[in-house]
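Coordinate inspection notes
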Amino acid sequence: MSDASRNASDLREGIMATLSRQQVGAILARQGILIAFAVFMIAFTLANPKFLTPDNVLSVVRSSAIIGVMALGVTFVVISGNLDLSVGSMMSFSTIVVLDLHDKMGPLLAIPAMFAMTLCLGAFIGFLVGYLRLNSLIVTLGMLSAIHGLTLTYSGGQNMDIADKEGTWFSIFGQGTALGIPVPILIFVALAALLGLALAKTPFGRKVYAVGGNGTAATFSGIPRARTVFTCYLISAACVATAGLIQASRSLGSQNTVGQGLELEVLAAVILGGASLLGGSGTIFKTVIGVLILGFIQNGLLLVGLQFYVQFVVTWVIIILAVWLDIAAKRGKLWSPIA
Amino acid sequence: MTDPVLRLENIVKTFPGVRALDGVSFSVMPGEVHALMGENGAGKSTLMKVLGGIHQPDGGAIVMGDTPVVMAGPLEAKAKGIVFIHQELSLAEELSVAENIYLGELPRKSFGRVDWARLAERTNSILKKLNVGFDARTRVGDLSIANQQMVEIARALTVDAKAVIFDEPTASLTDAEKVVLFDVIADLKASGVGIIYISHRMEEIFKITDRISILRDGQYQGTVNTAETTEEAVTQMMIGRKLDLSRNASHHELGNVALQVRGLSCGKLYSDVSFEVRRGEVLGFYGLVGAGRTEIAETLFGLRDPSSGQILLDGEEVRISSPADAIARGISLVPEDRKGQGLVLGMNCRDNMTLPQVDDLKAGPFMAEGAEVAIFDQYRDKLDIRTPGWKQRVGNLSGGNQQKIVIGKWLSMHPNVLIVDEPTRGIDVGSKSEIHKLLRDLAAQGYAVIVISSEMPEVLHVSDRIVAMYSGRIMRTFTSEEVTEDSLIQAISGLGGDKAA
Ligand SMILES: Nc1ncnc2c1ncn2[C@@H]1O[C@H](COP(=O)(O)OP(=O)(O)OP(=O)(O)O)[C@@H](O)[C@H]1O
Ligand SMILES: [Mg+2]
């Protein structure tokens, strides 16, 4: 076949392929989240002109920062082929602990002490899931409840408040701004950049993908599977501690249940970003996109006047949608009668 | 002349960056065994997946009877009488043998309850025909790869088939299991079923097939009658050149003993195993599946704890506690199961290849990606790996090219002791002789090489000495001068050839 005729037939095939139903389905399945998001953004901008103003965008990003920081850590855990449902309750723990210690030993010592305690919890989970090979769903679901109990024991069930709210520099993490940008956003962005590099560019990141993609093959390649999973949970705990710090610093007082339910939102953001629950795929960048999508959807619903609690239902719908599109993308079609 | 069971006309299929099939036509007659041959990545599996409804062709037609048909999916293909036994096993490990065989069409009682008794009975009657050593209730995950293969074959026998596709069915079967398989194929053939048979093993092709169709780089090269052709002619059509089968006979000096094993035992798996490998030597391990060869390799690689005995590396006794430890001591293992143990299918080619050395390929805190690409390129050229580039997911490569990635991965570690377990499983004749040569060359360069294989020609061809194992014990060690096929067969079946000999 001559080059020219081959090119012509390539072109014809290209057009046929673009038009075929199967292909359309495959594109929808793969880019479905982004398409749905675009439609959503346009609809809400038309419905409420305030939606896309810089002020509102900044406020969405700021209020997403806490979820976002936790989602960064959970991304590591999910790519390694595990789940972390304990992050919400662990964040309540961090918040309560740092507020309590703030008045007892001052912020300079309270912050590292809180980080150390949270990391211990992460290490414990990492030990159970990584070294003892227990099912991560069961372990972290159990820890969700156990850490809640731990928090209540610690606080005696009381709300925790800082005595001198005016006189402490502790508020900068949640309320401060630098160069006109709120500090929580700066923390989120810096952490995303750091962890994004760690995941995409370092040997450790490579190991996380390998362990999540095929744990046996990773073992046969000399990769310490248990230690890798363990480290992922440590990273997740460090992110939770950071989120707790932002939360505590923003409100300077807190209930014991401040993080309740956030584990699902975090997971929703990670899956929305396209990380597979089976492990081995996902990126930090995509998770950040997932966080923003979730933030904008929740904000948009508020702006059009829906009640706050509707978003719990919406979050659930989004998770289902994301999981569906995830498997649809693998099958290359939206719907298939056989698995 | 009778009509063909099915005809493929001008099938075209492209993947991003690859033209896998470029106008392939061929037909299968009832009651014939039709071989499909070609190098790794030639498009054999892809063609069969088009026929089996797994891929949709970009052009061309499938004709059954007189009418073009569309295979919209695997179930539809099955309903039309096309049965596909895959190269890569696709069984549900957690389910029983019976459930796997009848998946989607389990026999029912009232209220949709599964009729377990009938299911077991039906399954066992099929298994009996196949003469296998497990029953309907066995969990598939507990079976060896060979036995899982038999389950796939059993699955094919449940439908009223017009055509049965075997994609490299014998790659992991023992000789005894092969005999059973060939009987099954003969039965199918006698009942007028058309059989498409893909394999890289010439001796099988010439034993059981009637016609051979050949693909090269996605293009149809022609069809020949098996009785009227020769291995050389077929090879020539496949790879476009003659094959050099001579053995690298350069007699180099043997170096010191790199690895010595004394009285090693591991529970019931093997006992009292002693052998040594020198630098510059290829030591072959031959035996039936289950003779304990793989388990010895896994012990040397730190994956199993021996219950007694000693391992010495360069004369020094060592305890190998983990694969990482083994790697650090210069041991490499090409494992037998590439999909389960060798590769992360979702990762790209380059990352798979450099996985064991991620910690050594650093530029500051980051991966030295340039160095990684260089390693990949080097072994792609050396092993002739066919892929559009290092970014391709390994799962998208053809079976044989996947195997080459695993080999490249471990060669690039420059080990002192290289252990390869079934190194050429699924590899085409051309590449196979390349790999054999490579193993000989490595020895000549001073590596100590251990080759475990269930293919007698392979062990005979590459080894300087051959260890024959039977049921966890070493029966005899042969030198390449004294070994004969008969004495080897005797030794591995536990007859004669005892240790004292
Ligand atoms: N899903 C896919 N995506 C992209 N490329 C693919 C896909 N499946 C197959 N290919 C490519 O198509 C070509 C033909 O592959 P195929 O599996 O048909 O080869 P094969 O003849 O069966 O080889 P082998 O003997 O190694 O099994 C290869 O280059 C392979 O990389
Ligand atoms: Mg193939």
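Residues numbered from 1 in each chain as written. Chains lettered and ligands numbered in written order. Predicted model: local features only at pLDDT ≥ 70, side-chain atom pairs only at ≥ 80, totals over all residues. Heavy atoms only, no water.

For chain B, an unreviewed UniProt entry supplies the name Sugar ABC transporter ATP-binding protein and the organism Thetidibacter halocola. UniProt lists a comment for chain B under the heading Subcellular location (unreviewed entry), and it reads "Cell membrane". (UniProt positions renumbered as here; feature names shortened; annotations may be inferred.)

This next bit is on the sheet that holds strand β22 (residues 473-479) of chain B. Within a sheet, neighbouring strands are paired by backbone hydrogen bonds and run either parallel or antiparallel to one another. All names here are of chain B. On the basis of which strands lie adjacent, the open sheet formed by 6 strands has the order β16-β19-β20-β13-β21-β22 and mixed pairing. Pairing within the sheet leaves two strands with one partner each, and these edge strands are β16 (331-334) and β22. Each neighbouring strand pair of the sheet contributes to a mean axis angle of 15°, computed without reference to strand direction. Examined bridge by bridge, strand β13 (residues 282-287) and strand β21 (residues 465-470) share 5 bridges and lie parallel to one another. Along β21, the bridge assignment pairs Y286 with A468. Strands in contact with helix α14 (residues 399-411) are β16 and β19 (417-421); relative to β16, the strand with the most contacts, it is inclined by about 175°. (Pairing = 2+ DSSP bridges. Helix = DSSP H or I, 4+ residues; strand = E, 2+ residues; numbered from the N terminus. Axes fitted to C-alpha atoms, helices over the stretch in contact; angles between N-to-C directions. Contact = heavy atoms within 4.5 Å.)

Another point: the site of ligand 1. Residues and elements named next belong to chain B. Near ligand 1 you find 20 residues, and of these G41, S45, T46, S398 and G400 are the closest. The separation between an oxygen atom of ligand 1 and a polar main-chain atom of G43 is 2.9 Å. Within the backbone of N396, an N or O atom sits 3.2 Å from an oxygen atom of ligand 1. Starting from 640 Å² of accessible surface for ligand 1 in isolation, the protein chains cover 91%. Counting residues per element, the ones that place at least two in the shell around ligand 1 are β2 (18-28), α1 (44-51) and α14. The leading source of residues in the shell around ligand 1 is α1, at 3 residues. For the shell around ligand 1, the residue count by class is 5 nonpolar, 12 polar and 3 charged. Counting contributing residues per domain, the shell around ligand 1 is built from domain 1 (6-239) and domain 3 (339-414), each supplying no fewer than three. (Near = heavy atom within 4 Å. Polar contact = N/O pair within 3.5 Å; in protein donor to acceptor, adjacent residues only side chain to side chain. Areas by Shrake-Rupley, 256 points an atom, 1.4 Å probe, with all protein chains shown as cover. Nonpolar A, V, L, I, M, F, W, Y, C, P; charged D, E, K, R; others polar. Domains from an automatic or database assignment.)

A few words now on the pattern of salt bridges. Considering all chains together, one arrives at 32 salt bridges over all chains under this definition. Here R211 of chain B ties to E32 of chain B by a salt bridge, and the two come within 2.9 Å at their closest N and O atoms. Taken as a pair, R211 of chain B in strand β9 (residues 211-216) and E32 of chain B in the loop between β2 and β3 (33-37) lie far apart in primary sequence, 179 residues in all. With respect to class, R211 of chain B is no different from E32 of chain B; both count as buried. A salt bridge links R118 of chain B to D115 of chain B; the nearest nitrogen and oxygen atoms lie 3.0 Å apart. Through salt bridges with shared partners, a single network forms among K201 and R206 of chain A together with R350, D351, E369 and E372 of chain B. (Salt bridge = Lys/Arg side-chain N within 4 Å of Asp/Glu carboxyl O. Buried < 20%, exposed > 50% of the residue type's maximum accessible area, 1.4 Å probe, protein only.)

With that out of the way, let us pick up helix α13 (residues 369-383) of chain B. Here α13 of chain B spans 21 Å end to end across 15 residues, near enough to the 21 Å set by a 1.5 Å rise per residue. Residues of α13 of chain B that are buried make contact with α9 (203-213) of chain A together with α12 (349-353), β18 (366-367), α14 and α15 (429-444) of chain B. Positive backbone phi, approximately 55°, marks D384 of chain B, located one or two places after α13 of chain B. (Expected span 1.5 Å × (residues − 1).)

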